[in-house]
Amino acid sequence: MTGFLGQALLYIVPFLLVLTFIVTIHELGHFLVARAFGVKIDRFSVGFGKTIFGRTDRHGTEWRMAWLPLGGYVKFSGDLDASSVPDEAGLAELRQRVIAENGPGAERDYFHFKPIWQRALIVAAGPAANFLLAMVLFTLLFTAVGEQVLAPRVAQVEAGTPAAAAGFRPNDLIKAIDGRPVADTSDVTRTVMMSAGDALRFTVDRNGREIVLVATPERRLENDQIAGRVRIARIGLGMDRRIEDFSFRRLNPVEAFGKGIETIGTTVSTTATYIGRIVVGKESGDLLNGPIGIAKAAGGVTQQAVAANPDPGWMAANLALTFLSFAALVSIGIGIVNLLPIPVLDGGHLLFYGYEAVARRPVPARVQEVGYRVGLALLAGLMLFATWNDLQKLSLFKFLGGLA
């Protein structure tokens, strides 16, 4: 029981805290923009299921905390179904009912009768809130700890690897990859990870002389404390961590804000590149994470933060900074996923609104029905695939043994 409780505290609790916080911010984005446009809102719920406690504000919105902490939702008045995009017949029926109950003009307070641009902004506000949250968290992080850069200098070259075949040597300093300058070891790692099977041209400074080496990353199975067992692209370089290759600078809030935006841009670009490579068959999708993978990552970063320094003060600071960074990255991921043009997601709603703006009428009921069935199937398939990835990455039986 002690083992189970320990694992639950290490993996499940951090996962639920991070997920609920991020999804609540996402829903709050929808809520605030809807409220700004005068939309009537029935409920804002943190969590699902039976209400633990709640209250109703002066606008008639019920604020509630539910017992199942897996995110939350906003319910606009007049929502007819899960799609929240009724067809013409559904809109006509809703309009008649609202007018009959509340009088002419009352329908203007309902989401579905707002102008398309307002509905689109309300829908887009959820993912936008996720990116805004990440920006705030990164700004806080870079203001608190500054920016540390480790120059990408080679420490060792593994025999029999693409790096060895390309002619890399210890002490080589990587200056650019495919003509794009790199300043930090993480830049090199990220580029190599996203380039399995693609030849890369490395511009290297070797004892003051610039040379070009060509290496093609290959996938290899690795055990990562946070990600678990993953197949990841490598070329076989071990990077140096000598003191003289580290540089550090404090960032004021304006500089930290700029660095936060840059970090979000890099994360979005890397994610888009990876998804694109999956679509064209260059990646297997091993790095996609589902709930188990996110929980494993939450537990991993918790372990690292706790083990970094046993002093209670330092431990608390490490945990806070680590979770801020982790929450920022997860928030970006949720924002990206919600913008995918899949019905049932925010991106799917925006796609339907685009059609409505051009055709000047809602998407036909039959098309919506098919679209949402396909969307649910795609979403379920994606979740199953990601969960299977999670199980493959974990040494599942060892994990379960730790719970016993």
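K.L.:
Which residues make up helix 6 (residues 253–279), and what are the values?
P.N.:
The end-to-end C-alpha distance of helix 6, which contains 27 residues, comes to 39 Å, matching closely the 39 Å that a straight helix rising 1.5 Å per residue would cover. When helix 6 is considered as a whole, its buried residues turn out to be A256, K259, G260, T263, I264, T267, Y274 and R277. Two or three places before V254, at the start of helix 6, stands the capping residue N252, its side-chain oxygen 3.0 Å from that residue's backbone nitrogen. Remark: G281 follows helix 6 within two positions and exhibits a positive phi of approximately 85°.

K.L.:
Describe the packing of helix 3 (residues 116–145) against helix 6, with residues and values.
P.N.:
Across the interface, helix 3 lies against helix 6 with an axial gap of 8 Å and an inter-helix angle of 130°. Between helix 3 and helix 6, the crossing angle belongs to the class labelled oblique. Helix 3 and helix 6 meet at a crossing whose hand is right-handed. Seen from helix 3, the contacting residues are F131, A134, M135, F138, T139, F142 and T143; seen from helix 6, they are P253, A256, F257, K259, G260, I261, T263, I264 and V268. Looking at the contact of helix 3 with helix 6 residue by residue, the class counts come to 11 nonpolar, 4 polar and 1 charged.

K.L.:
Could you give an account of the packing of helix 3 against helix 9 (residues 346–359), with specific residues and numbers?
P.N.:
Contact geometry of helix 3 with helix 9 gives a least axis separation of 9 Å together with a crossing angle of 165°. Taken together, helix 3 and helix 9 sit at an angle that is classed as roughly antiparallel. When you trace helix 3 past helix 9, the crossing you get is left-handed. Along the contact surface, helix 3 presents I116, R119, A120, V123, A124 and P127, while helix 9 presents D346, H349, L350, Y353, E356 and A357.

K.L.:
Give me the nonpolar core: which residues, what numbers.
P.N.:
I22 and F138 are the most contacted members of the largest nonpolar core, which has 22 residues in total. Elements represented by at least two residues in this core include exactly helix 1 (2–36), helix 3, helix 6 and helix 8 (312–338). Among the nonpolar cores identified, the runner-up in size contains 17 residues, and V154, A163, V192 and V204 belong to it.

K.L.:
Lay out a nonpolar patch on the surface with the relevant residues and their values.
P.N.:
A cluster of nonpolar side chains, F48, I52, F53, M65, W67, L68 and L70, forms an exposed patch at the surface whose accessible area comes to about 680 Å². Counting residues per element, the nonpolar patch draws most heavily on strand 2 (residues 62–76), at 4 residues. As for its placement among the helices and strands, M65 is situated in strand 2.

K.L.:
How would you explain the sheet that holds strand 5 (residues 173–177) if you had to name every residue and give the values?
P.N.:
Whenever strands of a sheet pair, they do so through backbone hydrogen bonds, lying parallel or antiparallel. A sheet is described by the order of its strands in space; here 4 strands give the open sequence 6-5-7-8, paired in antiparallel fashion. For this open sheet the edge positions go to strand 6 (180–181) and strand 8 (209–215), each flanked by a neighbour on one side alone. As paired elements, strand 7 (residues 200–206) and strand 8 share 7 bridges and run antiparallel to each other. By the bridge assignment, L200 is partnered in strand 8 with A215. Contacting strand 5, strand 6 and strand 7, helix 5 (residues 185–193) runs over the sheet at an angle of about 155° to strand 7.

K.L.:
Describe helix 5, and please don't skip the residues or the numbers.
P.N.:
Within helix 5, the full set of buried residues consists of T185, V188, T191 and V192. All buried residues of helix 5 fall inside an arc of 135° around its axis, so they share one side.

K.L.:
Please provide a residue-by-residue account of unusual backbone geometry, values included.
P.N.:
A positive phi angle, close to 85°, is found at N171, a residue other than glycine. On the secondary structure map, N171 appears in the loop between helix 4 (162–166) and strand 5. Overall, the relative accessible area of 31% leaves N171 in the partly exposed class. Despite not being glycine, R360 has its phi angle at roughly 60°, a positive value. With respect to the element layout, R360 can be found in the loop between helix 9 and helix 10 (365–393). Exposure remark for R360: the relative accessible area of 74% places this residue in the exposed category.

K.L.:
Give a description of the pattern of salt bridges that names residues and reports values.
P.N.:
Going through the model one piece at a time under the given rule, you end up with 13 salt bridges. Notably, a salt bridge pairs E255 with R249, separated by 3.8 Å at the nearest N-O pair. Among the residues examined, R249 registers a relative accessible area of 42% and is labelled partly exposed. Linked through salt bridges whose partners overlap, the residues forming this network are E147, R249, E255, K259 and E262.

Here is what the cut-offs are and how they apply
Residues numbered from 1 in each chain as written. Predicted model: local features only at pLDDT ≥ 70, side-chain atom pairs only at ≥ 80, totals over all residues. Heavy atoms only, no water. Helix = DSSP H or I, 4+ residues; strand = E, 2+ residues; numbered from the N terminus. Expected span 1.5 Å × (residues − 1). Buried < 20%, exposed > 50% of the residue type's maximum accessible area, 1.4 Å probe, protein only. Polar contact = N/O pair within 3.5 Å; in protein donor to acceptor, adjacent residues only side chain to side chain. Axes fitted to C-alpha atoms, helices over the stretch in contact; angles between N-to-C directions. Parallel < 35°, antiparallel > 145°, perpendicular 65-115°, else oblique. Left-handed = near helix turned anticlockwise from the far one by under 90°. Contact = heavy atoms within 4.5 Å. Nonpolar A, V, L, I, M, F, W, Y, C, P; charged D, E, K, R; others polar. Core = buried A, V, L, I, M, F, W, Y, C linked by side-chain atoms within 4.5 Å. Patch = residues over 30% accessible without salt bridge, like charges linked within 9 Å, V, L, I, M, F, W, Y side chains within 5 Å. Areas by Shrake-Rupley, 256 points an atom, 1.4 Å probe, with all protein chains shown as cover. Salt bridge = Lys/Arg side-chain N within 4 Å of Asp/Glu carboxyl O. Pairing = 2+ DSSP bridges. Arc of directions from axis to C-beta.

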